Amino acid sequence: MAREKEDIFSKVPEMDYTEAAAKTDFDAFKAVVESRRSVRVYTDDKIPEQVMQDCLDLALLAPNSSNLQAWEFFWVKESKKKQALVEACLSQPAARTAAELVVAVAKTNTWKDHSKEMLEYFDKSSTKTPKSAIHYYKKITKLAYNQGPFGIYGIFKRILLFVIGLKKAIPREPTSESDMKIWAHKTTALACENFMLAMRAAGYDTCPMEGMDSKRVKKILGLKQKEYITMVISAGKRAPNGIYGPRIRFGRNRFIKTV
Ligand SMILES: Cc1cc2nc3c(=O)[nH]c(=O)nc-3n(C[C@H](O)[C@H](O)[C@H](O)COP(=O)(O)O)c2cc1C
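About the cut-offs
- Residues numbered from 1 in each chain as written.
- Predicted model: local features only at pLDDT ≥ 70, side-chain atom pairs only at ≥ 80, totals over all residues.
- Heavy atoms only, no water.
- Phe/Tyr/Trp six-rings, centres within 6.5 Å; stacked < 30°, edge-to-face > 60°.
- Helix = DSSP H or I, 4+ residues; strand = E, 2+ residues; numbered from the N terminus.
- Buried < 20%, exposed > 50% of the residue type's maximum accessible area, 1.4 Å probe, protein only.
- Lys NZ or Arg CZ within 6 Å of the ring centre and 35° of its normal.
- Near = heavy atom within 4 Å.
- Polar contact = N/O pair within 3.5 Å; in protein donor to acceptor, adjacent residues only side chain to side chain.
- Nonpolar A, V, L, I, M, F, W, Y, C, P; charged D, E, K, R; others polar.
- Pairing = 2+ DSSP bridges.
- Axes fitted to C-alpha atoms, helices over the stretch in contact; angles between N-to-C directions.
- Contact = heavy atoms within 4.5 Å.

A. Inspection of the packing of aromatic side chains at higher detail. All chains considered together, the criterion is met by seven aromatic pairs. Ring centres of Y145 and W183 lie 4.5 Å apart, and the angle between their planes is 40°; this geometry places the pair in the tilted category. Placement of the pair is Y145 in helix 7 (residues 131-145) and W183 in helix 9 (residues 177-201), with a sequence separation of 38 residues. One exposure class covers both Y145 and W183, and it is buried. Ring-pair connections join several aromatic residues into one group, and the members of that group are F9, F122, Y136 and Y137. Against the face of W75 rests K77, its NZ or CZ located 3.9 Å from the ring centre. Lying over the aromatic face of Y204, K237 brings its terminal NZ or CZ to 4.5 Å of the ring centre.

As C-alpha cells, then:
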C-alpha cells in the first residue's frame, strides 16, 4: 500500500485511452484575450439564452482541483432576486446596467460526494480506469480534504506533514477550512475566466465583481455554510462609455521571471 501511495503521483498509469490534440487558432484566441475588458456600462441589448448556456458549459470545462468540481454557478434571472443582487453589488453600473448576472460559488462541502461520484463514474465507464485513480478517490481525497470536526484532523495533518516534509516533497495544504476555501476559490476562479473569455468569443462582454456584500449575496441565493462567493460576473453588450480607460499593465519583467 505504501508503494502504491508513492507511485500514485510519480508513475504513468497503464491505459488504453488516447486523445489527439485538436487543431486550434492562436490568433483567434489572442484576439479574445486581448479584447476582453472589464465593462462597467452595458447597452440594453439582450444576450441570447443559448449564448449564456454555451458559455456556462464552457466554464465547467475549466481545469479544477482533483476534478472534484467544487463550484456552482447561479445565473440569476428572477427579477426580484436580480434587483436584490444589483443592490448587493453596491448598485455599481457594471451590475445595474448588465443584461445578465452570474454568481460563482466555491464549495468546500461537496468533495466527499463528488469523490464518490467519480468512483461510480469509473465503475460504469467503458474505458479502463487506472488503479491509481480508484485509489485516489477512495483514499487520497479523504486524507487531503477531510479536516475533521472543528478542523481537528487538519491540525494533526499539519504537524504530520511538517515531520514527513523534512525528508521528502509532500503536498502541504489544505489543512484548515481557510485552506479549503482557497482550494475551492482557485478552481472556481478558473471557471470564471473560462466563462468571461467564452462570452468575449461570442461577442459579449463581462465584468468580474468582488465589490459586493457577500453575506447578502449568500442570503439571496440561500447558500449554506461552506459555500463561498468567488465573484459575481455581469454580462452584456458594451456601451460606448463602458470601458473606463485604456488597459494598464505594469512591465512584464516585473511579473514574469525565468529562474
Ligand atoms: C476578482 C476580481 C474582482 C473585481 N471586482 C470588480 C468590481 O467589483 N467592480 C469593478 O468595476 N471591477 C472589478 N474587477 C475588474 C478589475 O478592476 C479589472 O479586471 C482590472 O482593472 C483590469 O482591467 P481589465 O479587466 O479591463 O483588463 C474585478 C476583477 C477581479 C479579477
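Read on, since the account is not over.
B. The site of the ligand, seen in detail. Neighbouring the ligand are R36, R37, S38, R40, Q92, C207, P208, M209, E210, G211, R247 and R249. Taking R37, its side chain carries an N or O atom lying 2.7 Å from an oxygen atom of the ligand. One of the backbone N or O atoms of P208 is found 3.1 Å from a nitrogen atom in the ligand. Its residues assigned to classes, the shell around the ligand shows three nonpolar, three polar and six charged.

C. Region of interest: the sheet that holds strand 1 (residues 71-76). Read across the open sheet, the four strands follow the order 1-2-4-3; overall the sheet is antiparallel. Both edges of this open sheet fall to strand 1 and strand 3 (205-209), since each of them pairs with a single strand only. This sheet shows a mean twist of 25° between the axes of neighbouring strands, independent of strand direction. In the sheet, strand 1 pairs with strand 2 (residues 100-107) via six bridges, with the strands oriented antiparallel. Looking at the pairing, E72 lines up with V105 of strand 2. Together, strand 1, strand 2 and strand 4 (227-236) form the strand contacts of helix 4 (residues 79-88), whose direction differs from that of strand 2 by roughly 75°.

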